[in-house]
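# Report on the structure
Now for the letters of each chain:
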Amino acid sequence: MTFSTLLPLSALLLVVAFFWLRVEPKRRAVANWFLLYPAALFLFIYAWFFSQWLTVGASVAVAAIIVGVWWFVYGSYLPSPTSDNISVWGQEAKKPAVVAAEAQAEVEQLKKEKEELEKELGKLKEEKEKKDTG
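If you're wondering where the values come from, they're calculated on a predicted model, not measured in any experiment.

## What to know about the packing of aromatic side chains
Two numbers describe a pair of aromatic rings. These are the distance of the centres and the angle of the planes. A complete count under the given rule lists 9 aromatic pairs for this structure. With centroids separated by 4.9 Å and ring planes inclined at 85 degrees, the aromatic side chains of Trp33 and Tyr37 adopt a geometry described as edge-to-face. One end of the pair, Trp33, and the other, Tyr37, are both in helix α2 (residues 28-50), 4 residues apart, so they sit about a helical turn from each other. Counting every residue linked through ring pairs, the aromatic cluster contains Phe18, Trp70, Trp71 and Tyr74. Note that Arg28 overlies the ring of Trp20, its terminal NZ or CZ placed 4.4 Å from the centroid.

Here's what the structure looks like:
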């Protein structure tokens, strides 16, 4: 058993386990075919060709312990993944049309405020002129 390969294999198994545990239940078959089965095949081929059965077994044990502790402490309390609570980065960003409409509304509001301030300024100038001349 070599520790230089134990760490990467354990990391690989941790990544696979965490991703697989957080996959939407309706998509588990896809996750199995694109994540779980290739990782298992890779580990089997690695152990077979390089005679590293003990290293692979130890990495599986280490990953199982870490995932088990994570699941017990934190993972079991997470809501199950659904399409409703999965968000994609950038999905929350507003569309350009919405941003443009909001900017246009702000411009209109600023124009109204400018007109009101100009009227108030005009009234103040008139009052000052009356005061100066009177």
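Once the structure has been displayed, the description carries forward.
## Quick look at the layout of surface pockets
One way to see where empty space is left: roll a probe the size of a water molecule over the atoms. Here the largest pocket defines a volume of roughly 220 Å³. Together, Leu13, Val16, Ala17, Trp20, Leu21, Leu36, Ala39, Ala40, Leu43, Val60, Ala63 and Ala64 line the largest pocket. Contributing elements (two or more residues each) for the lining of the largest pocket: α1 (3-21), α2 and α3 (53-73). It is α1 that contributes the most residues to the lining of the largest pocket, 5 residues altogether. The class makeup of the residues in the lining of the largest pocket is 12 nonpolar, no polar and no charged.

## Considerations on the packing of α1 against α3
Two quantities define a packed helix pair, namely the angle between the axes and the distance from one axis to the other. Close contact between α1 and α3 brings their axes to 8 Å; oriented N to C, the two are set at 40 degrees. Considering the angle they form, α1 stands oblique to α3. Considering only the axes of α1 and α3, their crossing is right-handed. For the pair α1 and α3, the contacting residues are Thr5, Leu6, Leu9, Ser10, Leu13, Leu14, Ala17, Phe18 and Leu21 in the first and Thr55, Val56, Ala58, Ser59, Val60, Val62, Ala63, Ile66, Val67, Trp70 and Trp71 in the second. Among the residues forming the contact of α1 with α3, the class breakdown is 16 nonpolar, 4 polar and no charged.

## So, the side chain of Ser10
Within the secondary structure, Ser10 sits in helix α1. Note on Ser10: relative accessible area 5%, which makes it buried. Leaving out residues up to four positions away in the same chain, Ser10 has contacts with Ser59, Val62 and Ala63.

Conventions adopted
Residues numbered from 1 in each chain as written. Predicted model: local features only at pLDDT ≥ 70, side-chain atom pairs only at ≥ 80, totals over all residues. Heavy atoms only, no water. Phe/Tyr/Trp six-rings, centres within 6.5 Å; stacked < 30°, edge-to-face > 60°. Helix = DSSP H or I, 4+ residues; strand = E, 2+ residues; numbered from the N terminus. Lys NZ or Arg CZ within 6 Å of the ring centre and 35° of its normal. 1 Å grid on protein atoms, 1.4 Å probe; cavity = no way out; pocket = protein on both sides within 12 Å on 5 of 7 lines; lining within 4 Å. Points joined across faces, edges and corners; volume = space filled by probe spheres on them. Nonpolar A, V, L, I, M, F, W, Y, C, P; charged D, E, K, R; others polar. Axes fitted to C-alpha atoms, helices over the stretch in contact; angles between N-to-C directions. Parallel < 35°, antiparallel > 145°, perpendicular 65-115°, else oblique. Left-handed = near helix turned anticlockwise from the far one by under 90°. Contact = heavy atoms within 4.5 Å. Buried < 20%, exposed > 50% of the residue type's maximum accessible area, 1.4 Å probe, protein only.

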